[in-house]
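So you can see what is in the structure, the chains are spelled out below.
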Amino acid sequence: MNNLDTRMTVLCAALIGGTAIVAAFGREGGQQPAPAPPPPQQPTSVELRLTVDPGTPPRLAVPDLLALSNDRETQDAAKTIGAVLWDDLNFEREFYMIPRDTYKSIPVAVSIDAVPFDRWRELGADGVLIGTVQKTPTGIRVEMRMYNVRARASAYGREYSGSAANPRLYAHTMADDLHDSQRSLRGVARTKLTFSSDRNREPVANTIEKRDVKEIYVADYDGANQRRITINRALNITPNWSPDGRSIVYTSYRSGVPDILISNIFVGTMESPSKGVGQNFLPVFSPDGTRIAFMSTRDGNPEIYIMNRDGSNLQRLTNSPAIDVTPTWSPNGTQIAFTSERTGNPQIWVVGIDGTGIRRISYESFADRPTWSPPPYNEIAFAARTGPGFDIKILNIASGETRQITFGEGSNESPAWSPNGRHMAFMSTRAGRSQIFTTDRDGRNIRQLTRDGNNTTPNWSQ
Amino acid sequence: MTRRANVPVLLAVLLTVGIGACSKKTPPVARPMPPPSATTNTPPPSPPPPPSPVAEPVPVPPEPLAEDTIGSKSLDDLNRDSPLKPLFFDLDSSEVSAEGQQLLQANAAVLKKYPTWQVTIEGHCDERGTAEYNLALGERRALSAKTYLVSLGIAADKVRIVSYGKEFPFDAGHDDAAWANNRRAHFVITAK
């Protein structure tokens, strides 16, 4: 156990490594942490929005950032930040992102005051993001400005400084700040995914069968920085983030039978809330992080239960001789959607957390893994059998209408919403083995994030 | 040096034996020899039919275990050649068929013969169910098998169950045969 904890700590220290970025507003506040953001030094958003026709997204260009020193690290950071920022902004589809290869010939402004506005205007850009990267004694300082091309004026500017270990995180932070200030949107560029993977091809002990362990992994929302966060050498599946992003709860066969484990990924400790009682599966944190809903066979049949994070205050929610499985919380924490086969085949049902108001909401041949969208959407996504395999469908709870967003490209299962409800992660066999993909809520922009081994049961951090 | 010198001698001996064994007209080609016929007059039990030609070699089914060899085998050897046969299920089902009941009766007979054995029944599913639901379905399958064994007089505390859903398929294929092979309650002997 000690040995294990030590190793987890090492892994987790690596995770913390890249996160020490301080966003500072204005040139003077450079190195200091910013507890309460002072007002931005220049007026923002309004100007840019006014310059575009209503209904059309602003057209943005993101050229390479300018490295203000000649060392390799700064040069690489400048290149990475430009490319990742373009991807992050493109991901939310709030801006029309002009392809980067169309403005390679436009010179990078040697100083921020020498922006060739005519060239950008010729390209049709409404806004251009010009940034610099400078080496500091402790890392790097990144400055980013958005210019309103028509007004030839700065519309927005921020400065960030911190470690040089993970330049992508500067881009992600900028993208989230830009979406927030320009589009009043909570972007997902700094969110993360967790999933289960057998990519290490480490054999399971104590079996004569050819079986590989599955461990829990985390990755940036775009699939970068994939890292293993468990060393249980067993089957570990169905990970689920705590709302604060500091813990992951999952189904682990570490003790030989399925049970719930919580890994606190930044401190390298583990908790076992069910304390070895029964066999327990599919844990999910409540929206406030204080409780866990899960499936257990402790009373002889798969039923849905809720307990506090420490295992106290156990409460049984369902009571049916049929299978009840796969719980998900409503965003306000007052209801649980789950899968039940009490009508003969698996369907999605909803019940209040006091056990009242149980009702069926899906009418498929086979439906499972409900996942309740965050506001403002009041929808439940699930996997539905549509042929030999499954596809992702989304049910609008108010209207009762269901729409399908994947269409038989492989089997598509285990949907998981992004925290702003605009995207979903899911697993699909469309590329051969099970891999993690993301899609927008309308089924567009499908991206493959994993390629090594089998990767299953994704979940998106808050 | 001595080794190399011996090789021609050995070859010569082999050749001589080979030529001697064949009829004089056939060329000396290496050929599998039929076994010497039994010395007794009673006809031997009818030999198994020759294997039909197949693309790949098929493993020869093991001999049924003799009573005393079961007890002395290691756990891994026992499980590799298990006297406890897997129970198969229909799609989306955890019901034990009539055929399955016979199989479980045979497994129960083995367990009664070795009352010290501890057994884990693994519940497995094919890939045509979802990963999450299959965890529950696999549990149901393992439990069905255990419940039937207990009804036949096997002590409940000798049998543990665990569901692996579709996480550890026995057959990686994606066809009816693979799916049927993966819908099972699989018996593992964990202690003797």
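Heads up: these notes are all about the structure in this document. (Residues numbered from 1 in each chain as written. Chains lettered and ligands numbered in written order. Predicted model: local features only at pLDDT ≥ 70, side-chain atom pairs only at ≥ 80, totals over all residues. Heavy atoms only, no water.)

**Observations concerning the pattern of salt bridges**
All names here are of chain A.
Part 1: Enumeration according to the criterion identifies 37 salt bridges over all chains in this entry.
Part 2: Of the charged contacts in the structure, one is a salt bridge between Arg141 and Glu159, with a shortest N-O distance of 3.8 Å. In this pair, Arg141 is assigned in strand E6 (residues 139-148) and Glu159 in strand E7 (residues 153-162), connecting sequence segments 18 residues apart.
Part 3: The shortest N-O distance in the salt bridge between Arg190 and Asp176 comes to 2.9 Å. Taken together, the residues span a long stretch of sequence, with Arg190 in the loop between helix H5 (167-183) and strand E8 (192-197) and Asp176 in helix H5 at a distance of 14 residues.
Part 4: What makes Arg190 partly exposed here is its relative accessible area of 42%.
Part 5: A relative accessible area of 8% places Asp176 in the buried class.
Part 6: Connected through shared salt-bridge partners, Glu92, Glu94, Arg183 and Arg422 make up one network. (Salt bridge = Lys/Arg side-chain N within 4 Å of Asp/Glu carboxyl O. Helix = DSSP H or I, 4+ residues; strand = E, 2+ residues; numbered from the N terminus. Buried < 20%, exposed > 50% of the residue type's maximum accessible area, 1.4 Å probe, protein only.)

**Some thoughts on the sheet that holds strand E20 (residues 335-340) of chain A**
All names here are of chain A.
Part 1: Sheet architecture is open: four strands sit in the order E19-E20-E21-E22, paired in antiparallel fashion. Strand pairing shows two members of the sheet lacking a second neighbour, strand E19 (324-329) and strand E22 (359-360), which therefore form its edges.
Part 2: Of the pairings in the sheet, the one linking strand E21 (residues 347-352) to E22 comprises two bridges and is antiparallel in character. Each bridged residue has a counterpart across the sheet, and for Trp349 the counterpart in E22 is Arg360. (Pairing = 2+ DSSP bridges.)

**Some details on the sheet that holds strand E27 (residues 412-417) of chain A**
All names here are of chain A.
Part 1: Read from one edge to the other, the open sheet built from four strands follows the order E27-E28-E29-E30, with strand pairing classed as antiparallel. At either end of the open sheet lies a strand with only one pairing partner, and these are E27 and strand E30 (447-448).
Part 2: Judged from the six bridges that link them, strand E28 (residues 423-428) and strand E29 (residues 435-440) form a sheet pairing that is antiparallel. Across the sheet, the residue bridging to His423 is Asp440, located in E29.

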